[in-house]
Amino acid sequence: MSTDEIGKIKVALAGNPNVGKSVIFNAITGAHQHVGNWPGVTVEKKVGKRRHGEANLEVVDLPGTYSLTAYSLDEVVTRDYIINEKPDVVVQVVDATNLERNLYLTTQLMELGARVVIALTMCDIAEERGDSIDVKKLSHLIETPVVETRAYEGKNVGTLLDEVVREATRKEHHHHTVGYGKELEEKITTVERLLEKDVPLAEKMPLRWSAVKLLEGDEEVTKRIAGSTGEKEILKIQDETPFELIEAEIADKRYEAIDAVLSQCHRRGERKLTMSDMMDRVFTNKWLGIPLFLALIWAAFQITFTAGAPLMELIDMGVGALAGLVTENVPGWFGFLLGDGIIGGVGAVVIFLPNILLLFLMLALLEESGYMARAAFIMDKLMYSLGLHGKSFIPLLMGFGCSVPAVMATRTIDDKKDRFITILVTPFASCGARLPVYIILAGTFFGRNAGNIIFGLYALGVIVAVLSAKLFRSTLFRGSPAPFVMEMPPYRAPKPRAVFRSTWNNGRMYLKKAGTIILAGVVVVWILASFGITPGGEFGMVDYGGEESLTAHIGKFMEPLFKPLGFDWKIAVALIFGFVAKEIVIGSLGVLYGAGEEGLSAALASDPAFNPAVALGLMVFVLLYMPCMAVVATIKKETGSWGWTAFSIAYSTGIAWLLAFAAVKIGILIGIGG
Amino acid sequence: MPRRNRRCRCSPGACPPPQSGFASKDEVTTLCDIPEGEDAVIVEIMAGRRLNARLSSMGIRPGKKVVKKTGFWRGPMTIEIDGTIYALRWGEAGKIIVKRK
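Everything numeric here is computed off the predicted structure, so don't read it as measured data.

Calculation rules
- Residues numbered from 1 in each chain as written.
- Chains lettered and ligands numbered in written order.
- Predicted model: local features only at pLDDT ≥ 70, side-chain atom pairs only at ≥ 80, totals over all residues.
- Heavy atoms only, no water.
- Helix = DSSP H or I, 4+ residues; strand = E, 2+ residues; numbered from the N terminus.
- Buried < 20%, exposed > 50% of the residue type's maximum accessible area, 1.4 Å probe, protein only.
- Areas by Shrake-Rupley, 256 points an atom, 1.4 Å probe, with all protein chains shown as cover.
- Salt bridge = Lys/Arg side-chain N within 4 Å of Asp/Glu carboxyl O.
- Expected span 1.5 Å × (residues − 1).
- Contact = heavy atoms within 4.5 Å.
- Polar contact = N/O pair within 3.5 Å; in protein donor to acceptor, adjacent residues only side chain to side chain.
- Pairing = 2+ DSSP bridges.
- Axes fitted to C-alpha atoms, helices over the stretch in contact; angles between N-to-C directions.
- Core = buried A, V, L, I, M, F, W, Y, C linked by side-chain atoms within 4.5 Å.
- Phe/Tyr/Trp six-rings, centres within 6.5 Å; stacked < 30°, edge-to-face > 60°.
- Lys NZ or Arg CZ within 6 Å of the ring centre and 35° of its normal.
- pLDDT = per-residue confidence, 0-100.
- Patch = residues over 30% accessible without salt bridge, like charges linked within 9 Å, V, L, I, M, F, W, Y side chains within 5 Å.
- Lys, Arg positive; Asp, Glu negative; His and termini not counted.
- Charge placed at Lys NZ, Arg CZ, Asp CG, Glu CD.
- 1 Å grid on protein atoms, 1.4 Å probe; cavity = no way out; pocket = protein on both sides within 12 Å on 5 of 7 lines; lining within 4 Å.
- Points joined across faces, edges and corners; volume = space filled by probe spheres on them.
- Nonpolar A, V, L, I, M, F, W, Y, C, P; charged D, E, K, R; others polar.
- Buried area = accessible area lost by both parts, 1.4 Å probe.

This part takes up the overall build of chain B. Looking only at helices and strands, chain B features two helices and six strands. N-terminal to C-terminal, the α/β element order of chain B is β-β-α-β-β-β-α-β. With 101 residues in all, chain B has 58% of them scored as buried. When the accessible area of chain B is evaluated, it comes to approximately 4,400 Å², of which 52% is carbon and sulfur surface.

The subject of this paragraph is the environment of Val580 of chain A. Residues and elements named next belong to chain A. With respect to the helices and strands, the residue Val580 is situated in the loop between α25 (569-577) and α26 (584-592). A relative accessible area of 4% places Val580 in the buried class. Between the alpha carbons of Val580 and Thr121 there is a distance of 46 Å; along the sequence they are 459 residues apart.

Close approach of charged atoms allows side chains with opposite charge to pair. All names here are of chain A. Under the counting rule described, the total for this entry stands at 28 salt bridges over all chains. With its nearest N and O atoms 3.0 Å apart, the salt bridge here joins Lys213 to Glu216. Residue classification places Lys213 among the buried positions, given a relative accessible area of 2%. Owing to a relative accessible area of 5%, Glu216 belongs among the buried residues under this scheme. Across the pair Asp418 and Arg473 runs a salt bridge, and its minimum N-O distance is 2.6 Å.

Residue and element names in this part refer to chain A. Taking 1.5 Å per residue as the helical rise, helix α30 (residues 642-669) with its 28 residues ought to reach 40 Å, and the 40 Å between its terminal C-alpha atoms agrees with that figure. Those residues of α30 lying buried are Thr645, Ser648, Tyr651, Ser652, Ala656, Ala660, Ala663, Val664 and Gly667. Close packing links the buried residues of α30 with α20 (416-425), α22 (450-474), α28 (612-624) and α29 (629-639). Here α30 starts with a cap whose side-chain oxygen sits 3.1 Å from the backbone nitrogen of Gly643, and that cap is Ser641. Gly671 sits one or two residues past α30 and shows a positive phi near 85 degrees.

Residues and elements named next belong to chain A. Its location among the elements puts Thr69 in the loop between β4 (55-61) and α2 (73-85). A distance of 3.3 Å separates the side chain of Thr69 from the backbone nitrogen of Tyr71, its partner in a polar contact. Setting aside anything within four residues of it in sequence, one finds Thr69 in contact with Glu75, Val76, Arg79, Lys213 and Asp218.

Strand order in this open sheet of seven strands is β10(A)-β5(B)-β4(B)-β3(B)-β2(B)-β6(B)-β1(B), and the pairing throughout is antiparallel. Of all strands in the sheet, those bounded by a partner on one side alone are β10 (485-488) of chain A together with β1 (28-30) of chain B. Geometrically, the sheet is characterised by an average inter-axis angle of 40 degrees between neighbouring strands, direction not taken into account. Two elements, β10 of chain A and strand β5 (residues 84-88) of chain B, share four bridges in a ladder whose sense is antiparallel.

Let us look at the nonpolar core. Residues Phe567, Leu575, Phe610, Leu618, Met619 and Phe621 of chain A are the most contacted members of the largest nonpolar core, which totals 99 residues. Within the second largest apolar cluster, 57 residues are counted, among which are Ala12, Ile82, Val221 and Ile225 of chain A.

In this section: the side chain of Asp198 of chain A. You can see Asp198 of chain A is positioned in the loop between α7 (182-196) and α8 (199-204). Here Asp198 of chain A is in contact with Ser228 and Thr229 of chain A, once residues within four sequence places are set aside.

Turning our eyes to something else, we now look at the packing of aromatic side chains. All names here are of chain A. Inspection of the entire model under this criterion finds 25 aromatic pairs over all chains. Ring plane angle 80 degrees and centroid distance 5.7 Å describe the contact between Phe562 and Phe621, whose orientation is recorded as edge-to-face. Residue Phe562 is found in helix α24 (residues 550-562), and its partner Phe621 is found in helix α28; the two are separated by 59 residues along the sequence. Here Phe562 matches Phe621 in class, with each residue buried. Feature note: the residues Phe420, Phe428, Phe472, Phe477, Trp644, Phe647 and Tyr651 constitute an aromatic cluster, connected by ring pairs. A cation sits over an aromatic face here: Arg374 above Tyr491, 4.1 Å from the ring centre. Taking the ring centre of Phe420 as reference, the NZ or CZ of Lys416 above it sits at 5.2 Å.

Mean pLDDT over chain B works out to 81, with 74% of the residues at or above the 70 mark. For this predicted complex, the interface confidence score (ipTM) comes to 0.81, while the overall pTM stands at 0.81.

Residues and elements named next belong to chain A. Taken together, the side chains of Asp124, Glu127, Glu128, Glu148 and Glu153 make up a negatively charged region of the molecular surface. By the element assignment, Glu127 lies in helix α4 (residues 123-128). Taking the relative accessible area as the measure of exposure, Glu127 reaches 55% and is therefore exposed.

All names here are of chain A. Within the structure shown, the criterion is met by six cavities of 30 Å³ or more. In terms of lining, the second largest cavity is formed by Ile297, Ala300, Phe301, Thr304, Leu359, Met362, Leu363, Leu366, Leu397 and Met398. Of all elements in the fold, only α14 (289-329), α16 (353-368) and α18 (393-398) reach the threshold of two or more residues within the lining of the second largest cavity. Partitioned by chemical class, the residues of the lining of the second largest cavity number nine nonpolar, one polar and no charged.

A word on the interface of chain A and chain B. At the interface, 49 residues of chain A touch 40 residues of chain B. Carbon and sulfur atoms make up 52% of the surface buried where chain A meets chain B, a total of about 3,800 Å² over both sides. Counting the surface chain A buries against chain B, the share from its top three residues, Tyr71, Lys286 and Val485 of chain A, is 19%. In this assembly, chain A and chain B are joined by six salt bridges. With a closest N to O distance of 3.4 Å, Lys286 of chain A and Glu36 of chain B form a salt bridge. Elements represented by at least two residues in the side of chain A that touches chain B include exactly α3 (99-111), α12 (243-265), α13 (275-283), α14, α17 (371-385) and β10 of chain A. When its residues are assigned to classes, the side of chain A that touches chain B shows 20 nonpolar, nine polar and 20 charged.

Printed below as a string of structure tokens:
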């Protein structure tokens, strides 16, 4: 192929977790990225573009994996992509500090028939450790281009891409394989012959790889051969094969082959005590680990909320001024829709952007520094005893900020059961949007005890989350949490660029949500609150949220449901609005009492329908009832199921009703119900 | 390199129970029973097919020298193999059979 015929080259980026794959991806594609999901699964798929010389590269970031078994979703996604999409080149990012383990994945990529180019990273750390690697010799021995890459400095990315283009345009491809010993090889050949009989199938699947996988008892591959000519005979061979032994034998042979290569080009230095080791002695110490963890988390939250407060006030003022300006200057109902409805409603969500950005900044710092893996490690025992996984802790923690990113963060949990339980209980962590509701209600009805009441609500949220997790684990998702085996990446100073990129990407998603789903929601609420049956019996515009509005009708229709809790129709309406965003509960009450948010406290205190017991019940209800619209949409997206989404709504609202009922009754019993 | 004992009759999970004291030298025991800071060699992993494959792909496999770093009583522990740190639960560590030097 001459250079002008190169055109488009499909590149897939593979590698173990924690090897700096995303750094390389960002260095190659820069800002030209698109984030989406792999079809049918919620594994994130990043695609980027790059022009290199004459070639147009399309780069797909595959999930980080150690192997290509069928045991994890990430691994299935990776190998399916390579088999079905046949990328021209697979760039494997290899961590120089643990070559042996990284090359284990290489042997499998090669077996799949991929053209591999290795991007060697962390060479500086390997050097510090006293390891020495003869890169040229390594490349020669495995007959694969190896490029030392320092992506943070953008070093050698060009050389890497040169190799990619060269590899993609090379005519012949030498298929590399590991030899598995006489006995196994005979079996592999037999299965290969049987596979070959079914020509259409054989064209789609790499023969040797498929044969090896069939002998390992791989379920996905076994499914694929269903109905093929050789199926019966292959199944018969499988019946006689002890899969576990074969799997172990194959792993041994691959490592033997790797050892044979590494013994010629790699020398491991005497392991010295590194900075990272010393930090781990402190942070994962059995006595110090937990107090330090609590201190760090406390600090992160303090920064998120205190530093965010002035910015939030600023946005609040801006939104208020803009809404006022629009309502005054745009005539008719459209002005109200634009001002009160859209700007006010979307503004109520945008106000939290500083908090959200800061929260994500803190999380990015914890992640980039390598501490996050330690946090999961420290919390695993507690989480395990609750029927959860160590990794469930992070989403639960984020839930105190906002449930949307928290539910998204469950993606790091591999096991489906662990993940679903975490998704279902995360909304019980009291998010930032619920706080304004507590502040007004507790402040009005509990005076000096307001602080204790609010703390109690946070604690109640945690207790409900914990007990629900236990309940789900013993009913819907039986079994133990998945095994906890996790690599602890070395500590490192967070790179500003990576931290800001991650913070901004998450913040952008939050804004996008405000611009789409919330926008639609507030328009609907505004219409329901603005229109109704006028006193003259006609349908038209009425007092916003007043007795004649459609919302009042809905509220009155729902009232019987809330009656046992002592909630009147106004509260019912406020709670329905709260589905858009929980802080709207307060704004709605303000409108319904005709008091605005400032005078609400006095208006509530003088309403005979309200008393401390009802207020307590309402706070408990707001804490626990169905998550807001944005969270519901996220749950649907992450579980991929309307059934589980409906279950989440029904379960949380049911619990909210029961506990709010209990709270009101207890309140009456202790004499605050008057 | 010590070979895997292919005819071992122990079923996964039925590994030796955690003992009170630490195992003596040259004794075959589990990762649970070596003290922090000590090293040993992995002899066999009896964690069932799925976890065996996962551990092996992560580089936790028979023949490897392992150092126990820190541990939370009967909670999770950190270990080091080939310069890489891994965390695992007490339960999983009990399925990793090691030989102390």
